[in-house]
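Now for the letters of each chain:
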Protein chains: 2
Amino acid sequence: MIRIALDAMGGDHAPHEVVKGAVAALREQQVELVLVGQGDIMRRELEKHGRDSKISLVEASEVVTMGENPVSAISQKGGSSIVVGMNLLKSEQVSAFVSAGNTGAIMTAALLTLGTQEGVARPALSIALPTPSGPVLFLDVGANADCRATHLLCFAQMGSDYMNRVFGIQTPRVGLLSIGEEESKGNKLVREAHQLLKESELNFIGNVESKDIHKGIADVVVTDGFTGNVVVKLTEGLGALFLDLARRRLNSSLRHRLISPLLKPALRAVERQLMDYSGSGVALLLGVRGNVIKAHGRSKAEGIKRAIAVAKKVAEQGTLEVFGGT
Amino acid sequence: MIRIALDAMGGDHAPHEVVKGAVAALREQQVELVLVGQGDIMRRELEKHGRDSKISLVEASEVVTMGENPVSAISQKGGSSIVVGMNLLKSEQVSAFVSAGNTGAIMTAALLTLGTQEGVARPALSIALPTPSGPVLFLDVGANADCRATHLLCFAQMGSDYMNRVFGIQTPRVGLLSIGEEESKGNKLVREAHQLLKESELNFIGNVESKDIHKGIADVVVTDGFTGNVVVKLTEGLGALFLDLARRRLNSSLRHRLISPLLKPALRAVERQLMDYSGSGVALLLGVRGNVIKAHGRSKAEGIKRAIAVAKKVAEQGTLEVFGGT
């Protein structure tokens, strides 16, 4: 059975919601979980749910907070749940590590502890977005704010490999995020990357505009980490804005109070799908020697459960090695 | 009375919807309109609506198509409606020019015919987005795919001046689009621009994340034209996606067919507001010597009417001159 380490101390709602999510995941998924964190706190949380034999605990005395400087936090807190979790992954005691903690710290710890895969210049954070024809992998969503064209090529190779191995797509269609479909469109970085992608062995379909990411015209869409992060956060923000707007408009225009309750389940369904559009808050770090899954910092139990599901799916394929094989 | 030139031949739905929009605008707004385009075509369209004395016609025998290369189109088609319209603006026969045509061609014609204002390194396309506390001006949304930090500073100055002069805001709050609020966050361009903005005379409030653009925390938000264009198109695309999703979910979950018609007006109201979130398809070119308003290429009559309203509001302030005064 797949064993997954889970950072019990990471995220805005840790440890309560993280532990709750772990317990919920075990009810539905065939996995073993290793909770990493401060023993007394984890035990107290677990007692609320009744002990589950598929949860084991590993002590990590220190905690990296959400606002901390990543590099200094990781170098000074060798006993933190993030570092201890990465070490469990490195020593192959688990096949994936999930954390909702400080993104920069997770990245830093992954680079220092696991290292990058051979040939990978820059690991990237990727998210899977829903489209009518299956998920599209979108990267980088924040690991590399400044990119060179060769980095975007590397992201495309990693993303393509991922969609091939995890989703079984033979020759994934790779798109490049730009501001027009013609190859002359975009900034300097994108125009350079366009040429590299065209000359590559990948199934490059050309530029994709932001309005078309969710349409299913590509299996992988690459961009630099600045633009990718802007896209993901905007999607999140607009989802919330839209839902609020729809709720207010529908409630104010439906004078019949009796109808309002009928709308609630539909709006909740819309809310769930809107969350999917921003990647459900689950990002996968591609390009390091191990399966590292980043859950959204604001994840509640449901988000943790989704991150564990992604971790399981990825871990079942071994460790993704884009330039080599497992 | 304010006289505005309108490109009758520009946009996916020209000339039909453009002329229809012009006629509709005159019913509600105190303006004079000059339609620029091929006379016989414009007259045929006008006949459908009955002649209005506040519409005059100016002949332009050539048409720049939507897909044409901007620079060659403008240099080869001196008789096009875009060039003729710009010349009307330059010779002060009108105080604003509205076109839904080829964005690059409009930009090129504006630069060649009107020229940039003194001290402006790069004109920028800006849009006004709704927030709970009034509009936020967002720029650049596509005029400059590659920017230097000094360009972002210039955008901030132009935007600040616009919000001051057109919306009467004393010291507009200027934000810089980034991927985190801390000044260390962002790519190299943004970190450099942050320093320039901090040292400027502007009311700089720091970085603004994409999820917060619509929250009303700033009066002006600046970004490079690549990121800005990605943001606007994503907003547009997600709006359509959300609306489609809400319609399907609400209709499928409401078994009572009688309720469905009650929802329609509410959903139409939501649709209108979603369009506002992407700037209603009206962009203002800041930094050139004249008021140039770009309507969305897909504008129908309603969009043209909105663009004319913006043109009127801007023209009432004279020509915006950020570094100098009218």
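You'll find the structure just up there.
This section reports on the structure supplied with the text. (Residues numbered from 1 in each chain as written. Chains lettered and ligands numbered in written order. Predicted model: local features only at pLDDT ≥ 70, side-chain atom pairs only at ≥ 80, totals over all residues. Heavy atoms only, no water.)

1. What about the relation of the copies chain A and chain B?
Put simply, the rule is: Superposing the copies works by least squares over the C-alpha atoms of residues that have pLDDT at least 70 in both of them. Between two residues, a contact is recorded if the distance between any of their heavy atoms is within 4.5 Å.
Superposition record for chain A on chain B: RMSD 0.0 Å, screw rotation 180 degrees, translation along axis 0.0 Å. Here the transformation between the copies is reduced to the relation of a two-fold axis. If distances are taken from each C-alpha of chain A to the rotation axis, the shortest is found for Thr227(A), at 3.1 Å. Taken together, the interface assignments show that 98% of the residues at the interface of chain A recur at the interface of chain B, consistent with an identical surface on both copies.

2. Some points on the interface of chain A and chain B
Where we set the bar: Simply put, the buried area is the total loss of 1.4 Å probe accessible area from both parts when two parts are fitted together. In what follows, salt bridge is the name for a side-chain nitrogen of Lys or Arg lying within 4 Å of a carboxyl oxygen of Asp or Glu. In DSSP terms, a helix is any run of H or I states spanning at least four residues, a strand is any run of E spanning at least two, and both are numbered starting from the N terminus. Lys, Arg, Asp and Glu make up the charged group, whereas Ala, Val, Leu, Ile, Met, Phe, Trp, Tyr, Cys and Pro make up the nonpolar group; the residues left over, Gly among them, are polar.
Counting from both sides, the interface comprises 45 residues of chain A and, opposite them, 45 residues of chain B. Interface of chain A and chain B: buried area, both sides summed, is about 4300 Å²; carbon and sulfur atoms make up 75% of it. Between chain A and chain B we count 4 salt bridges in total. Arg191(A) is the salt-bridge partner of Asp146(B), the closest N and O atoms lying 3.9 Å from each other. Only strand S7 (173-178), helix H7 (188-199), helix H8 (225-253) and helix H9 (260-277) of chain A provide two or more residues apiece to the side of chain A that touches chain B. By residue number, the principal contributor to the side of chain A that touches chain B is H8(A), which donates 19 residues. By residue class, the composition of the side of chain A that touches chain B is 23 nonpolar, 15 polar and 7 charged.

3. A short note on the pairing of strand S5 (residues 124-129) of chain A
Residue and element names in this part refer to chain A. Short version of the rule: Each residue is placed in one exposure class: buried if its accessible area under a 1.4 Å probe, protein chains only, is under 20% of its type's maximum, exposed if it is over 50%, and partly exposed if it falls in between. Two strands qualify as a pair provided that DSSP identifies no fewer than 2 bridges between them.
Of all 6 residues in S5, 5 are buried, a share of seventy percent or more. Both S5 and strand S6 (residues 136-139) contribute to a ladder of 4 bridges, which runs antiparallel. Each bridged residue has a counterpart across the sheet, and for Ile-127 the counterpart in S6 is Phe-138. Where S5 folds back onto S6 in an antiparallel hairpin, the turn is made up of 6 residues, including Gly-134, whose phi is positive at roughly 105 degrees.

4. Structural notes on the pattern of salt bridges
Once the charged atoms of two side chains with opposite charge are near each other, the side chains can pair. All names here are of chain A. Evaluated as defined, the whole model comprises 34 salt bridges over all chains. The partner of Glu-209 in a salt bridge is Lys-211, and the shortest N-O contact between them spans 3.5 Å. The exposure class of Lys-211 is partly exposed, given its relative accessible area of 21%. The residue Glu-236 makes a salt bridge to Arg-298 at a minimum N-O spacing of 2.8 Å. Note that Glu-236 is positioned in helix H8 and Arg-298 in the loop between strand S11 (292-295) and helix H10 (301-315), a separation of 62 residues in sequence.

5. Observations concerning a positive patch on the surface
Here is the rule: Nonpolar side chains (Val, Leu, Ile, Met, Phe, Trp, Tyr) within 5 Å and like charges within 9 Å form the patches, drawn only from residues with over 30% relative accessible area and no salt bridge. What sets the accessible areas is the Shrake-Rupley method with a 1.4 Å probe; for residues, cover comes only from the shown protein chains. Note that His is not counted, nor are the chain ends; the positive residues are Lys and Arg, and the negative ones are Asp and Glu. We put the charge of a Lys on NZ, of an Arg on CZ, of an Asp on CG and of a Glu on CD.
A cluster of like positive charges, contributed by Arg249(A), Lys264(B), Arg268(B) and Arg272(B), occupies part of the molecular surface. Here the positive patch takes 3 residues from helix H9 (residues 260-277) of chain B, the largest share from any one element.

6. Focus: the state of the cysteines
To keep it simple, the criterion reads: Two cysteine sulfurs form what is called a disulfide whenever their separation falls within 2.5 Å.
Under the counting rule described, the total for this entry stands at 0 disulfides over all chains. The structure places no disulfide on Cys147(A), whose sulfur is separated from the nearest cysteine sulfur, that of Cys154(A), by 9.8 Å.

7. Examining the sheet that holds strand S11 (residues 292-295) of chain B
Sheets are built from strands paired through backbone hydrogen bonds, the pairs being either parallel or antiparallel. Residues and elements named next belong to chain B. Note the following rule: Only the stretch in contact is used when a helix axis is fitted, and all axes are lines through C-alpha atoms; the angle between N-to-C directions ranges over 0 to 180 degrees.
The sheet built from 11 strands is open, its strands ordered S3-S2-S1-S4-S11-S10-S5-S6-S9-S7-S8 with mixed pairing. Of all the strands in the sheet, just strand S3 (55-59) and strand S8 (203-209) have a single pairing partner and so form its edges. Here the average twist between neighbouring strands, direction ignored, is 25 degrees. Those strands touched by helix H4 (residues 81-90) are strand S1 (3-7), strand S2 (32-37), S3, strand S4 (96-99) and S11, and its axis lies near 165 degrees from that of S4.

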